[in-house]
Amino acid sequence: MSSIQMPVPIVFWGQRPPSHDISCISSSDEKKGFATGSRSGQICLWDISKDRTTEKLKVRPRCLLFGSSSAVISLCFVKNWSDDRDHIASLDQDGTISLWDGKDGACLKYAKIPGKHRGIKCLLRVRYQECLIACHGRYSSILILHPYTLETLCTLKSGHSPNWIEQICFLGNVDRKDALLGITVAGVSKLWLLPGRADMRDVSEVFEETSKRLGTTKPLAVGSWFKGTAAAVLVVFSDVWQIYDASGGKMKLLLAQPCVQDMEWAGGDYLSERTVVAWTAGDMKAYVYTLTPRCVPGMIETFEEVLEVSVNTASAGCMLHYTLGGVASQRQATFLDRHWFVQGDSKGRVYLWDMGYLQKHPPTTAGDPTPPAATNSIVQSWQPPAMPCGLTDTVYPSDTMPPVVTCMLYVPSFGRLVCGQQDGCIVVMSAIQAATVALLRPQKFSRGWPQHCFLSEHTGKVTCLLHPYDYSVAYDTTHLLSGGADFTVRLWNLYSGTLVHTFSVHGGEVQDIICCPPGINPRLQTCVCSISKDYSVAILSTSERRCLLVAACHSAPVTTIRWRLEDDFILVGCMDGKLFVWQIETGTLDRCVHGEDAQLILNNNPAFQPKLAWPDYPLQILGFGAGDGDSMIQVMLFDPPTLINRLNNLESMVEAPPPQKEVEAFRTYHYARRHFGVQNMSPRRGSQGTIVPPLPANPDPAPSSRGQERAREVLGQAVASQGKPEVQDTPQHYINITRLVVSCLHAWGLDQELDKACEGVLGLVRPKRPISFGLLGQGERVSMVLPGWGVKQQYSTLDQKDVFKSAFNPSSLESLRNSPVPTRVIKDGGDLPKMIEGDLPKMIEGDLPKIKEGDLPKVDLEQCQINVVKPDDDDREVKSAGITRKSSGSTTESGLAKDSSDNATTSGRGLSLALSRRSQSSLDQPYNVRWQLSSSLTTQHLLTVVSITNTLMNKTVGAHALSVTARKPRGNSGGLVSNFSDDSGEEDCELVSDNSIRAAWSQLAALHCVMLPERMEGKFRPPHLPVLASHFLDPCPAIREASQALLQSELRRIKAEGRKTLVSNWSSKLQPQSSSVATLKRQVKAAEEGVAPPPEPEVAVSGLIHQQTTALIILGMIGAEFGNSGHHNTKGKQDSEPMDPVVARQTAKVLQSVILEKPSNRASLSSILRCSAVELMGRGFQLWEKYVDVAEVLVGLLDLAIQDAVPSNQGEEGSSHSRKTAISAQTQFAAEIARRALSLMVTLSPVTTILTLAKEVSLYLGSQHVTHYPHSSLPPPQGGANPLPSTAGIVTSAGSLLPMAAGEMIEIMKTAVERSTQHIGVQLLEVVDIVLFCIDHCVDPDQLKRKSLLDIFPPFSKLPGLSYSHKMRRLAAGGRNGQICIYDLKHKKALMFAAHQHSVTTLQFSDDGKQLATFSYGDSTVCVWQISSNLIGTLHTPKCSNSWPAAASRPSGASIIAAINIQWISHKNIVLHIHGAEFKFSI
């Protein structure tokens, strides 16, 4: 199963590219790319391609992987033998090993291994078709790790002269075994023979076979080459590199090559059998040497003695072939494989040489360095036209470089993003508004500037932020704390944007601010703890506005804070290992311990992990820092399940109209705007209808005027009595989030008509720039697509000169005159916009003077401003970059007059507007490049779009609220309008019908679910099936349905040949690998010793379960949807072929075994694997039924269906409440899946299902010595015989399962009667047996006295072959062989007799219940039977009192037979209705 998380990341890179100081390089995909690790913790994936026209190599960065807090010191390529998606393993400086997807960059797994590690290496064992990861470092052993679970399989230990292992390399076929060579820091080589694949887990420790000293210094690199039984090793020291013959495990020296020109070697490796590449650390050059045959093991017999090689004799063993470049800077990393030679420097630039080409076409001169074939850097991604932006860029003028963001915080309770900057300013902005302005085209309901304010009190950079109310409701919801480099901690009122208090208690830069844990002293519940770089810790009270404790005598930087609540202690751990214990109440140092005592105290006081008070929120914003001095990268995480849940609850969130006091507050606001000149300020509505005071949004950080301050004071007084704001939970907020997500994910430009409907009907907005997406992996590790990937190449074909000329076309400008969408802001007095002067080429700049002012049409400046705030009709004003222009006046606030310069400026803005519109029209195709980037990215986006689209398609309120032209839903009372109205004011819009909105959403879902591959014309990465399988049974119904629809659509797209390939690839993974040879050996050994077998590692079992679940879902879906030859596609052609019987039988058996497996606990009863098997069993029961035991499967599903009504076990009574709740939700979900599977089974195969249930009922009654209502095909047990046992369930015993599941069986019978009436006529007696059994066990017997049986089970009234007499409480049912069974419900007796030669078509009791009229369509006979019983209720065999021939026999059919019925019109007359005719008979 995939480890891709569901939240959708949207990346805001900002205008500054991140630094990437390359520390290590490794291959990421064979012949297609490589990966670079940096000293700041990121990993960059690079693509290698060739230009189709010039055949030149191109290298470009694809994505950055974030998540590590320390430097990446080693990378290695991990081959995935079971899939085409290879992996990358990374080692961080803090000991964390992470596994990344080589194509998507998503983090699949990570684990922290104790110890100081130096590097990791991949061991490619071809003979076993597996990869292992070897980890070495500052210890004398080597750890062998599993490549997918990162668990330790075995340890290679050193028994002779143990020392730190500095370098390792893999050797194949040493004494017919794989070997690992390690060299210590002292230059001693050690050789270990690796155990086989089956014995790897059994052998926990392996000692070296040989040990030999090679040198006196530590090795810098080790490379190997092996072929057959011959193996050679290259060892690089700083002064010499050496070649050894490692065949047979003996290290024989063949060659030693000193460094040239008084330089030092930095590394080296084998390029081929006779080619070695070594590079220096001084001039950054790489030297390619060709070896003579005597230096190649296996070519000629090597010398017996060690050769004394000097500089004069070195040429006898090798020859310098050519030299590669020296173009990297001083700090570099180098990588070499069979195809590429890559160098990377500290500035993030890589240099690539094509070694395959150079081997075939070597340079003519060996001395001249060969330049690289391709070079590139991350900085080049920050180039037009794909220039990225950040959220904070939206509050600054477009020609201004925003300050560096040093820290950030998202406050869900306000919906605000708080960013601390390098200049000491804090920006508070509306996150959704900022993202909308940054990514989407401006619309009439959007703002020019996002709602924001500046908090400018820090004199140094802001280092940390905290909103404590997000972690505990004990804090004030309006408080915001910030720490800075000015040694202060400042308390802000986020509600009003004012400074409340300044704590000046530290003597250094404030590093972090954390909350106090819950359960602490009540006095400290509103306190926070601040940590400073001067090694001090302070406890600050936000309610008392004072410092309670300053701990400032620590000897090293503070690394950890722990709390001992019962003693009122705070424990401060330092980097030097010391632990200081402080008494909070008195502020005194209680003790200082170190060593084992300090570690023991820390272990007894676990770390406090604060939890968000609002975890279930559809939006989170994370910040990632690339390096020192870099601006933080902001990542918006949209959680589709939570957003869908909010959209489903929109109807309940609609509130009443605002009260009168809020109307007065709005009037006060408008008064302040008119008389005090407040710009871009508007009150917003809280979750309970309260008016929240606005945040000042002046883009100029200069002090506000006196009038503006007075206006804010008036506004604050107007809303002071409204209470404090609460969590932003309004419908409009979720509608804005939905609009942003769907607008960003929709595939624009593939269907023009649909795009018009999306903009005009659905309220979606086109993006105005390419958007960078990402993937969220394990542990909040994010893979971010770099800006401009795949966009710049398509933009390069755009002729900028043609664009420039078309911008001055009067007809084009006339059509764009009323558009409010310019992309640049012109400075005062500028003749032309800066974008044109700086971005156009020189030849176009030379054409600028030829354009005359009179040739340009005049464009209204107010309609071209990007920052338009739509005010009231009586006070129209437009503000942009500090310039305010009123439509009714002749001057502006900046003193500029309306003269010819305004005309020039207006003309420039028109040009900017035209260029913007032209570029936007060409944006759709580059924007859809993301569908070509990654299969996992495609899958995530399709799942999100389809699930949200299906939700809105069924929700009238959400669809109307999102629609632009349907702002006022039909039947609204006023409250909905007030909540959905925008700040710009309400507009009278034309209502759009529900059918139009639903049709548009339906077309949008169809485009992404079915038609997208065809519209992309083959340039499309199909969805990743393991990712779809991981959401096959997602707890969110919308995502579950979307995943199943996408999986079915993808299986249909690949057609029969593709499905056949999938079956062959995944059938081998269907069976769990727990039955391997090693596991069997451990089980046998444990049985011989009489002990329990050792358990499998949990992480390995988890990996096997995930793999088996994926295989089970894929094969199950292929069998269920395409396994029958009768399946046809949408065009009517047969689109399937019968599934291979061997694979079908294997799949069916695995499904059955998974369903019926005995659970170890209640949680495993509702595991994802079991639920998936249940769902697939129901979907494909028509195929699986001939391979499984239907009785066991049905009873097992009935057991699962009733588990949500069964109380938990006694052993779980001590579990926590949260765990009980989770188990209860899982159990309920599993029960729902089981009910749906039973419904599908009785629909697809009603005969098999009904017969099996009837047989189980009969067996149960026989085992209980009960002969009431016997099964028609099974005689009751004979006296003295052992009762027949019934089938037991998964966890419920056989004796109590069927009575407990009586209610579920009634629902199954209702489904069977409603959906399969034609089959019920054949199995009518069995249906009656099951229903009567269920009624006896789940219906109060007194109800049969008061109610008719047809009222208790209404579907019986639809069956003509059944009749019930409420007076006599008798039920008659006709069988398929002409038999009729009469059930006496009063005495619980039954009697069966032969009435006709063919099946009974219809029957009816008389009013007194003593006569029964029957008709058989087969023999065309009408009979009347006398029904009687004795005193104890035993029925006598009915006698036929009358018999008449009826209509002649006609062709049978389900519709004809269903229209036949017989009625009693009196106690002497009956009427038969057949084929529209009536036949009357008199008794």
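Quantities reported herein were computed from a predicted structural model and do not represent experimental measurements. (Residues numbered from 1 in each chain as written. Predicted model: local features only at pLDDT ≥ 70, side-chain atom pairs only at ≥ 80, totals over all residues. Heavy atoms only, no water.)

**Student:** Explanation requested: the packing of aromatic side chains in the structure shown.
**Tutor:** Two aromatic rings, taken as a pair, are described by how far apart their centres are and by the angle between their planes. The tally for this structure, following the rule as stated, stands at 14 aromatic pairs. Where Trp265 meets Tyr287, the ring centres are 6.0 Å apart and the plane angle is 85°; that geometry is what we call edge-to-face. Taken together, the positions of Trp265 in strand 23 (residues 265-272) and Tyr287 in strand 25 (residues 285-291) put the pair 22 residues apart, joining distant regions of the chain. On the numbers, 5.9 Å between centres and 70° between planes, the contact of Tyr396 with Phe454 is edge-to-face. Of this pair, Tyr396 sits in the loop between strand 31 (374-377) and strand 32 (405-411) while Phe454 sits in strand 35 (residues 452-456), and the two are 58 residues apart along the sequence. For Phe454, a relative accessible area of 17% corresponds to the buried category. One aromatic cluster is present, built from ring pairs that chain together Trp279, Phe341 and Trp353. The ring centre of Tyr110 lies 4.1 Å from the NZ or CZ of Arg781, which sits over that ring. (Phe/Tyr/Trp six-rings, centres within 6.5 Å; stacked < 30°, edge-to-face > 60°. Helix = DSSP H or I, 4+ residues; strand = E, 2+ residues; numbered from the N terminus. Buried < 20%, exposed > 50% of the residue type's maximum accessible area, 1.4 Å probe, protein only. Lys NZ or Arg CZ within 6 Å of the ring centre and 35° of its normal.)

**Student:** What should I look at first to understand the environment of Thr392 in this one?
**Tutor:** Among the structural elements, Thr392 can be located in the loop between strand 31 and strand 32. Each C-alpha atom, one on Thr392 and one on Ala431, is 9.7 Å from the other, the two residues being 39 residues apart in sequence. Excluding residues that lie within four positions of it along the chain, Thr392 makes contacts with Val405, Cys419, Met429 and Gln634. (Contact = heavy atoms within 4.5 Å.)

**Student:** Looking at this model, I keep getting lost on the side chain of Asn80. Mind explaining?
**Tutor:** One can find Asn80 in the loop between strand 6 (72-78) and strand 7 (87-92). Among the polar contacts listed, one links the side chain of Asn80 to the side chain of Tyr148, at a separation of 3.0 Å. Setting aside residues up to four positions removed in sequence, Asn80 forms contacts with Arg85, Asp86, His87 and Tyr148. (Polar contact = N/O pair within 3.5 Å; in protein donor to acceptor, adjacent residues only side chain to side chain.)

**Student:** Can you walk me through the pattern of salt bridges in this structure?
**Tutor:** Opposite charge on two side chains permits pairing when their charged atoms draw close. With the rule as written, the count across this model stands at 26 salt bridges. Of the charged contacts, one joins Glu208 and Lys190 as a salt bridge, the two residues approaching to 3.7 Å between their closest N and O atoms. Taken together, the positions of Glu208 in the loop between strand 17 (205-207) and strand 18 (210-213) and Lys190 in strand 16 (residues 188-193) put the pair 18 residues apart, joining distant regions of the chain. Lys190 shares its class with Glu208; the two are buried. For Arg523, the salt bridge goes to Glu585, with nearest N and O atoms at 3.5 Å. Residue Arg523 is located in the loop between strand 40 (510-515) and strand 41 (527-532), and its partner Glu585 is located in the loop between strand 46 (578-583) and strand 47 (588-594); the two are separated by 62 residues in the primary sequence. A residue is classified by how much of its surface remains accessible, and Arg523, at 30% relative accessible area, is partly exposed. When its relative accessible area of 45% is taken as the criterion, Glu585 is described as partly exposed. Sharing partners across several salt bridges, the network here consists of Arg125, Arg127, Glu130 and Asp178. (Salt bridge = Lys/Arg side-chain N within 4 Å of Asp/Glu carboxyl O.)

**Student:** How should I be thinking about helix 20 (residues 994-1015) in this particular structure?
**Tutor:** Each turn of an α-helix holds 3.6 residues, which means side chains three or four residues apart point in the same direction. Between the first and last C-alpha of helix 20 there are merely 28 Å, a value that for 22 residues lags more than 12% behind the 32 Å anticipated at 1.5 Å per step. Every buried residue of helix 20 is listed here: Ile997, Ala1000, Trp1001, Leu1004, Ala1005, Leu1007, His1008, Cys1009, Leu1012 and Pro1013. (Expected span 1.5 Å × (residues − 1).)

**Student:** Before we go on, may I ask you to explain the nonpolar core in this structure?
**Tutor:** Generally speaking, a soluble globular protein has its nonpolar side chains buried in company with each other. Grouped together as the largest cluster of nonpolar side chains are 184 residues, with contacts concentrated most on Met636, Trp1001 and Phe1356. In terms of residues, this core owes the most to one element, helix 36 (residues 1324-1338), which gives 10 residues. In this view, Phe1356 contacts Val1327, Val1328, Val1331, Leu1349, Leu1350, Leu1362 and Leu1371; residues no more than four positions away in its chain are not counted. Counting residues in each nonpolar core, the second largest holds 34 residues, with Val489, Ile513, Cys527 and Phe580 among its members. (Core = buried A, V, L, I, M, F, W, Y, C linked by side-chain atoms within 4.5 Å.)

**Student:** Got a minute to help me understand the state of the cysteines in this structure?
**Tutor:** Think of a disulfide as a covalent bridge from one cysteine sulfur atom to another cysteine sulfur atom. Within this structure, the stated rule accounts for 0 disulfides. Of all cysteine sulfurs in the structure, the one in Cys516 sits closest to Cys529, which takes part in no disulfide; the separation is 6.7 Å. The exposure class assigned to Cys529 is buried, which follows from its relative accessible area of 0%. Here Cys592 is not disulfide-linked; the sulfur of Cys553 is the nearest cysteine sulfur, at 7.7 Å. (Disulfide = S-S within 2.5 Å.)

**Student:** Looking at this structure, I do not really get the confidence of the model for the protein. What am I missing?
**Tutor:** Detailed reading of the predicted model is not advised wherever pLDDT is low. Chain-level pLDDT for the protein is 76 on average; 73% of the residues reach the 70-or-more range. In this model residues 965-990 is a low-confidence stretch, pLDDT under 50, and it forms 61 contacts with partners more than four residues away in sequence or in other chains. The model gives residues 1127-1132 a pLDDT under 50, and that stretch makes 10 contacts with residues more than four places away or in other chains. (pLDDT = per-residue confidence, 0-100.)

**Student:** Whenever I open this one, the sheet that holds strand 13 (residues 152-157) confuses me. Can you help?
**Tutor:** Note on sheets: strands pair through backbone hydrogen bonds, and any given pair is parallel or antiparallel. As summarised here, the arrangement of the 5 strands in space is 10-11-12-13-17, forming an open sheet in which the pairing is mixed. The sheet is open, and its two borders are formed by strand 10 (117-125) and strand 17, each paired with just one other strand. Taking each pair of neighbouring strands and ignoring which way they run, the sheet shows an average axis angle of 25°. Inspection of the sheet shows strand 11 (residues 130-137) paired to strand 12 (residues 142-145) by 3 bridges, in the antiparallel sense. (Pairing = 2+ DSSP bridges. Axes fitted to C-alpha atoms, helices over the stretch in contact; angles between N-to-C directions.)

**Student:** Looking at this structure, I do not really get the packing of helix 4 (residues 640-648) against helix 8 (residues 731-745). What am I missing?
**Tutor:** Two measures define how a pair of helices packs: the angle their axes make with one another and the distance between the axes. The contact between helix 4 and helix 8 brings their axes to 10 Å, and the two run at 130°. By the angle class used here, helix 4 and helix 8 are oblique. Seen along the crossing, helix 4 lies across helix 8 with a hand that is left-handed. In this structure, helix 4 uses Leu643, Arg646 and Leu647 to contact helix 8, whose residues at the interface are Tyr734, Ile735, Ile737 and Thr738. Partitioning the contact of helix 4 with helix 8 into residue classes produces 5 nonpolar, 1 polar and 1 charged. (Parallel < 35°, antiparallel > 145°, perpendicular 65-115°, else oblique. Left-handed = near helix turned anticlockwise from the far one by under 90°. Nonpolar A, V, L, I, M, F, W, Y, C, P; charged D, E, K, R; others polar.)

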